[in-house]
Amino acid sequence: MVHQKRSQARLSPSSDTEDIVPLLAPRLAYFAGVARTEHVTRAAQEMDVPQSTLSRAMVRLEQDLGVDLFARIGRTVSLTPAGRTFLVSVERALAEIERAADEVRADADPATGKVAFGFLHTMGSETVPGLIRAFRADHPRVRFSLVQNYGEAMIERLRAGELDLCLTSPVPDAPDLVARRLDEQKLRLVVPADHPLAGRKRVRLAEAADEVFVTLEPGYGLRRITDDLCQEAGFRPRIAFEGEEAETLRGLVAAGLGVALLPPPAFPRPGVSELTVTAPRAVREIGVAWLDGHPDTPPVAAFKKFLLSRRGSLLP
């Protein structure tokens, strides 16, 4: 009776659903097995559990729910109306659990599993496709879930468990992350084709102190690098436009709306001139990051090893 009172209290209208789920979950497969066979002994044999264990589990399940699920005649049972209603949802839940188990096993398969990989927009047209092509030469059936975003957003998705790895810049330094520098990329001062500096090959960044800049929005790694380099050159950039994608900024420069510090384009862009910055040293470091202590599935471990092997030769 003490148990029944405790169960009824758990299932009162004010009960939290989280209280009942762990109570019922271990018994749901047993319930479905008994309902399918309508025979406790046969169900116990099929599920390879002692009959006494199965019988007790069904009694406890009914006590915890506070309703009769079975009508019993000896060891033969039949579902009550409440039992039939309950079975529909139980079978749906068990099927969903089985589907989820199949999915996570498939994602972890060494040959055909999945890697959730994040990277910067500027690496989407050439760098990442080349990396994946090279990796799949030895792992042809590994699947990828690809996410393009700016650095801080990818770090948030790493921490949320939505990404396994990400290529980002600057290389993050945080206690909950592991990050490895892989390469560096030179940044250029991009000016309109008719700009007074356009005929030059090299420029000191201080020579652009009076220019209007177009940049990425705050929060983007390249924006932070741009601000830091301008400060090192002795000025604070005057920002005319802020965007979310480097090639859009190139278009703004081509339209004569400002200058920009950008990595090299995948393909030459008409209407602009790209100058090597001699001072200060204008580069951005590219690194791979992952969540510290997060266990890797075999495909993730293989791709991580591959990326680390490309240290110094990551970029085309």
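Residues numbered from 1 in each chain as written. Predicted model: local features only at pLDDT ≥ 70, side-chain atom pairs only at ≥ 80, totals over all residues. Heavy atoms only, no water.

## Brief notes about helix H7 (residues 151-159)
Move 1: What H7 keeps buried is the set Gly151, Ala153, Met154, Ile155 and Leu158.
Move 2: Considering only its buried residues, H7 is in contact with strand S3 (114-119), strand S4 (143-148), strand S5 (165-168), strand S6 (177-186) and strand S13 (283-291). (Buried < 20%, exposed > 50% of the residue type's maximum accessible area, 1.4 Å probe, protein only. Helix = DSSP H or I, 4+ residues; strand = E, 2+ residues; numbered from the N terminus. Contact = heavy atoms within 4.5 Å.)

## Focus on the sheet that holds S6
Move 1: A sheet is described by the order of its strands in space; here five strands give the open sequence S4-S3-S5-S13-S6, paired in mixed fashion. With partners counted over all chains shown, the strands left at the sheet margins are S4 and S6, one partner each. Strand-to-strand, the axes of this sheet are offset by a mean angle of 20 degrees, without reference to chain direction.
Move 2: Across two bridges, the pairing between S3 and S5 is parallel. The partner of Phe117 across the bridge, within S5, is Leu165.
Move 3: Relative to S4, helix H6 (residues 127-135) is tilted by about 165 degrees, and along the sheet it contacts S3, S4 and S5. (Pairing = 2+ DSSP bridges. Axes fitted to C-alpha atoms, helices over the stretch in contact; angles between N-to-C directions.)

## Brief notes about empty space enclosed by the protein
Move 1: In the structure shown here, the tally under the stated rule is one cavity of 30 Å³ or more.
Move 2: If you add up the space inside the largest cavity, you get close to 110 Å³.
Move 3: As for the largest cavity, its lining consists of 15 residues, and the residues nearest its centre are Leu120, Thr122, Leu216, Tyr220 and Arg284.
Move 4: Of the residues assigned to the lining of the largest cavity, the class counts are six nonpolar, six polar and three charged. (1 Å grid on protein atoms, 1.4 Å probe; cavity = no way out; pocket = protein on both sides within 12 Å on 5 of 7 lines; lining within 4 Å. Points joined across faces, edges and corners; volume = space filled by probe spheres on them. Nonpolar A, V, L, I, M, F, W, Y, C, P; charged D, E, K, R; others polar.)

## Remarks on the packing of aromatic side chains
Move 1: Scanning all chains against the criterion turns up eleven aromatic pairs.
Move 2: Measuring from centroid to centroid gives 5.2 Å for Phe31 and Phe86, while their planes differ by 50 degrees, and the two rings are tilted. Separated by 55 residues along the polypeptide, Phe31 in helix H2 (residues 17-37) and Phe86 in helix H5 (residues 81-108) bring together distant segments of the chain.
Move 3: Between Phe213 and Phe235 the ring centres are 6.1 Å apart and the planes differ by 40 degrees, which places this aromatic pair in the tilted class. Of this pair, Phe213 sits in strand S9 (residues 212-216) while Phe235 sits in the loop between helix H8 (221-232) and strand S10 (238-243), and the two are 22 residues apart along the sequence. Each member of the pair, Phe213 as well as Phe235, carries the same accessibility label: buried.
Move 4: Taken together through their ring pairs, the aromatic side chains of Phe117, Phe119, Phe135, Phe144, Phe303 and Phe306 make up a single cluster. (Phe/Tyr/Trp six-rings, centres within 6.5 Å; stacked < 30°, edge-to-face > 60°.)

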